[in-house]
Amino acid sequence: MKSMIEELKKYDIVLILGNYGAGKSSLAREYFGDRKRVNRHEIRYHFKEMTEHGKKWTTEDWDEEIEGFIKRLEYDIIKFLLERNERIVIDNTSVTKKSRERYINYARRFKKSIACLFLKKDVSVLLSQNKMREHAVPEHIIVRLHAKTELPTESEGFNKVVVVR
């Protein structure tokens, strides 16, 4: 694992992807703590807490209109960091090719290299690990995302792809 991580650290942007409960945030913290981290899930939580006097975000708060705003905030954060030549780690689910396309486009736009580390876990492991999360995700969401998972490939535009099972 250590040599694989060292290889990934060569890239300007490292995407750590996988379903809820796969261990993305823990891996980002452990191995990429020297980088700025962007996580859309946390942007949602902080936005809700800030604008609604400390109330916690839940899955019932999901709103497509707000999600568009959250994605724009995420882009602005990524843009700000890349313009400052920061090396970043992005920690999001992005289990489909279409959902990863935005990050590849950001890398191209800012002329940055991009690697992908995809954490592929069995759905039973994901469901088990999800129960230990501070903000557990409804099981049907994990099952649905697992069913539509598309493994990433370099042909999508990544400079490097690593899939960990």
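Values in this document were obtained by computation on a predicted structure and should not be read as measured data.

Caption draft 1: Broad picture of unusual backbone geometry. Located in the positive-phi region is N85, a residue other than glycine, with phi close to 60 degrees. Following the sequence through the fold, N85 ends up in the loop between helix 4 (64-83) and strand 3 (88-92). Of note in this structure, S94 is not a glycine but carries a positive phi near 40 degrees. Relative to the helices and strands, S94 is located in the loop between strand 3 and helix 5 (97-109).

Caption draft 2: Highlighting the pattern of salt bridges. Counted under the stated rule, the structure contains 13 salt bridges. Residue E52 is joined to K48 by a salt bridge in which the shortest nitrogen-to-oxygen separation is 3.1 Å. Residue class for E52 comes out partly exposed when judged on its relative accessible area of 32%. Among the residues examined, K48 registers a relative accessible area of 11% and is labelled buried. Notably, a salt bridge pairs E156 with R100, separated by 2.9 Å at the nearest N-O pair. Of the two residues, E156 is situated in the loop between helix 7 (139-147) and strand 5 (160-164) and R100 in helix 5; the sequence distance between them amounts to 56 residues. The residues E156 and R100 share a single accessibility class, namely buried. One salt-bridge network, in which partners are shared between bridges, spans R40, R44, E67 and E74.

Caption draft 3: Structural detail: the sheet that holds strand 2 (residues 36-38). Taken in spatial order, the 5 strands line up as 2-3-1-4-5 in an open sheet, and their pairing is parallel. Of all the strands in the sheet, the pair left with one neighbour each is strand 2 and strand 5. With direction set aside, neighbouring strand axes in the sheet form an average angle of 20 degrees. Here strand 2 runs beside strand 3; their pairing, made up of 3 bridges, is parallel. Its bridge partner lying in strand 3, V38 is registered against I90. Lying on the sheet, helix 4 is in contact with strand 1 (13-18), strand 2 and strand 3; it crosses strand 3 at an angle near 165 degrees.

Caption draft 4: Representation of the packing of aromatic side chains in the model. All chains considered together, the criterion is met by 4 aromatic pairs. Seen in terms of ring centroids, Y45 and W57 are 5.4 Å apart; in terms of plane orientation they differ by 80 degrees. Their pairing is edge-to-face. In this pair, Y45 is assigned in helix 3 (residues 40-51) and W57 in the loop between helix 3 and helix 4, connecting sequence segments 12 residues apart. Exposure class is identical for Y45 and W57. Each is buried. Joined through ring pairs, the aromatic side chains of Y75, Y103 and Y106 make up one cluster. The ring of F32 carries the charged tip of K9 above its face, separated from the ring centre by 5.8 Å. Over the ring of W57 we find R44, and its NZ or CZ is 5.7 Å from the ring centre.

Thresholds, definitions, all that
Residues numbered from 1 in each chain as written. Predicted model: local features only at pLDDT ≥ 70, side-chain atom pairs only at ≥ 80, totals over all residues. Heavy atoms only, no water. Helix = DSSP H or I, 4+ residues; strand = E, 2+ residues; numbered from the N terminus. Salt bridge = Lys/Arg side-chain N within 4 Å of Asp/Glu carboxyl O. Buried < 20%, exposed > 50% of the residue type's maximum accessible area, 1.4 Å probe, protein only. Pairing = 2+ DSSP bridges. Axes fitted to C-alpha atoms, helices over the stretch in contact; angles between N-to-C directions. Contact = heavy atoms within 4.5 Å. Phe/Tyr/Trp six-rings, centres within 6.5 Å; stacked < 30°, edge-to-face > 60°. Lys NZ or Arg CZ within 6 Å of the ring centre and 35° of its normal.

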